[in-house]
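Okay, here's what each chain looks like letter by letter:
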Amino acid sequence: MTIDVATGISRILKQEGVGWVSTFPVCRVNNALGREGVPMLMMRDDRYAVAVADAFSRITGGSRIGVCTFQGGVNAAGMQYAYAGMAQAYEDGSPVLCITDGVPAGSSGNSQYDVASAMKTVSKWFGYLDKPERTPELMRRAFTMLRSGRPGPVILAIPNATATYDETADPYRPVKGWKSAPDPADVRAAADQLLKARSPLIYAGEGVIYAGASEELKALAELVNVPVITTLKAKGAFPENHPLFVGVRGDQVAHYLNKSDLILAVGSSLSPGRFSHGIPDAAKKTIIHCNIDELHINKMYPTAHAVIGDARLTLQALRQEVSDRTSGAGRNAGDVAAEVRAARDQGLARYRQVMNSDETPINPYRVYGDLMEVLDLRNSFVTHESGNTRDQLSTVFDTLIPRGFLGWGNVSTLGFSLAAAIAAKKAFPGRASVAVTGEAGLGYMLGNLEVLLREKLGVTVVHISNGGFAGYGPGFWGPGHDPFTHRVLGPDEVDMSKVIGALGFHTERVSEPAEIIPALRRALDVNTSGRPAYIEFICCQYPVYGQWVGRGE
Ligand SMILES: Cc1ncc(C[n+]2csc(CCOP(=O)(O)OP(=O)(O)O)c2C)c(N)n1
Ligand SMILES: [Mg+2]
């Protein structure tokens, strides 16, 4: 049967199990999506259209692919605005599919902005559908890229969505996605080193979550009796109430990074960035780097042994190897758990204290502590914003299940938390979904709040309201780093609970610590009937949190 390209793409998306597509109009595929019965989640700007789909892929560990559409072609206004979302997805390695209009034949080279070169800088693969018959081929390639290898965004530009082709000529079959197992010799070498090490440390990255390898990580850590840290993006890959869990950041993590003689990195690029640890004295440590591809091997630090392959297959192979060599006994290393507990207790003491604080304005840690008390940590989703909420939550929030918390941001683009909380509601409708933000993140969100009302998305936005960009101002911790660009109108001048309440959200404004838990309970309660909530907690500025470890040169 002869169909147009837009219809073909819509049908292929259905075959691939895509349940909805986020969008900001216009995109020529959208009408076909509508006709073919693919629901669209219409966001209020193009960046959020990308971010919601991106977050959906992250939260489902790539097992369900987020798809978005936005404007492109000769009027690439939407694409230019969406670029921020794609850049963020690319930076963080999220397998999101972006579909846009392509520049039609005969129109190339007319605009100042060159679509193809711009898109290539933010994608794992940029496809241009230059002939309608190639629709199945390009969609197959797109889903192959999305489901195999190192995750990253795929962008498909469609210059002529109304061109037709014969749907039966090359029938589409869904793409399975493929994994690779590590070279057994590399696994043996890694096991050798691991069993010889005095003080090894497991450094787990988000690849563990994409590989669905949390159980395998736990099994290996327990067998070799080795402490575990996770990256910000991998927070939750290892249960944070486990006796071998050290932390994401803070003094206890620094202690272990410093004292380790071997780092077993799994599913992490080990790229030192603004929101990750460096490896101190790396030249004196043995770095075993287990990664899905070679891009990150010997990056920044000399890799002693690389184990290239899927994280789950790698962890399974390592565990088998260690088990075979030790007749199942693993590595005898003394009471590692007791030492981890002592280091954690010491590292977290000052945060645990303020989590019980009765001071007003409210200490933000009191909100986080109460949030942990109110939520079922095995059946809820929390995410942070850029700013102090990221730094503080990643220091103290106990994550018990993979993606019970979404840490994000090799670079952290303000406003992403709302997209993440929406995506979490779509992925796990039965789970409470909470975005914790400051005023900067809130500013980015405002235009998109209508979406939650329209779509009946029972999400709670927790606002740590402190009247400024708290990391930037002067205060008791010192002069601050950007004192001239710190203050915005705060809770004394603007009542955001009234502003957002007038939109139709359930809102509250809380200034008493004793009111935090009841207010959170009411918010989560209205969420269950599909009504979004916004709670403004009048907080002090308190930019205190666990540090990242430097490379120590
Ligand atoms: C798109 C974007 N632009 C700029 C920044 C830099 N930035 C990071 S946090 C922040 C301010 C955070 O202030 P607020 O939201 O009030 O949170 P607080 O630190 O006070 O809790 C800024 C400007 C960013 N992360 N993303
Ligand atoms: Mg603030």
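Before reading further, recall that the structure is shown in the block above.
One structure accompanies this document, and this report is about it. (Residues numbered from 1 in each chain as written. Chains lettered and ligands numbered in written order. Predicted model: local features only at pLDDT ≥ 70, side-chain atom pairs only at ≥ 80, totals over all residues. Heavy atoms only, no water.)

## A word on the overall build of the chain
Secondary structure summary: the chain contains 19 helices and 20 strands in total. Whereas a compact globule of 553 residues would reach a radius of gyration of roughly 24 Å, the chain reaches 24 Å, a difference of no more than 12%. In the chain, buried positions account for 60% of the 553 residues. Taking contacts inside the chain between residues at least 6 apart in sequence as the whole, the part at least 24 apart equals 75%. Accessible surface for the chain amounts to roughly 21300 Å². Of this, 51% is attributable to carbon and sulfur atoms. (Helix = DSSP H or I, 4+ residues; strand = E, 2+ residues; numbered from the N terminus. Rg over C-alpha atoms; globule rule 2.2 N^0.38 Å. Buried < 20%, exposed > 50% of the residue type's maximum accessible area, 1.4 Å probe, protein only. Contact = heavy atoms within 4.5 Å. Areas by Shrake-Rupley, 256 points an atom, 1.4 Å probe, with all protein chains shown as cover.)

## As for the site of ligand 1
Taken together, 17 residues lie near ligand 1, and Ser386, Asn388, Ser412, Ala440 and Ala470 sit nearest. Leu414 places a polar main-chain atom, nitrogen or oxygen, 3.2 Å from a nitrogen atom of ligand 1. Residue Ala470 places a main-chain N or O atom 2.8 Å away from an oxygen atom belonging to ligand 1. Relative to its free-state accessible area of 600 Å², ligand 1 is covered by the protein chains to the extent of 78%. The biggest single contributor to the shell around ligand 1 is helix 16 (residues 439-445), with four residues. (Near = heavy atom within 4 Å. Polar contact = N/O pair within 3.5 Å; in protein donor to acceptor, adjacent residues only side chain to side chain.)

## Notes on the coordination of the magnesium ion (ligand 2)
When a metal carries six donors in an octahedron, the ideal angles between them are 90 or 180 degrees, while four donors in a tetrahedron ideally lie at 109.5 degrees. Around the magnesium ion (ligand 2), the donor atoms from the protein are Glu439 (OE), Asn466 (OD1) and Gly468 (O), and they sit 1.9 to 2.1 Å away. As a motif over one chain, the donors of the magnesium ion (ligand 2) read E-x26-N-x1-G. Here Asn466 lies in the loop between strand 18 (460-465) and helix 18 (496-503) and Glu439 lies in helix 16, a separation of 27 residues in the sequence. Accessibility expressed as a relative area gives 15% for Glu439, which makes it buried. (Donors = N, O, S within 2.8 Å, 3.2 Å for Na, K, Ca; no water.)

## Describing the pattern of salt bridges
For side chains bearing opposite charge, pairing can occur when the charged atoms are close. Counted by the stated rule, this structure contains 34 salt bridges. The closest approach of N and O atoms between Asp391 and Arg390, which form a salt bridge, is 3.0 Å. Across the pair, Arg390 and Asp391 agree in class, each one buried. Each of Arg11, Lys14, Glu36 and Glu167 takes part in one network of salt bridges that share partners. (Salt bridge = Lys/Arg side-chain N within 4 Å of Asp/Glu carboxyl O.)

Any link to function would need more than the numbers given here.
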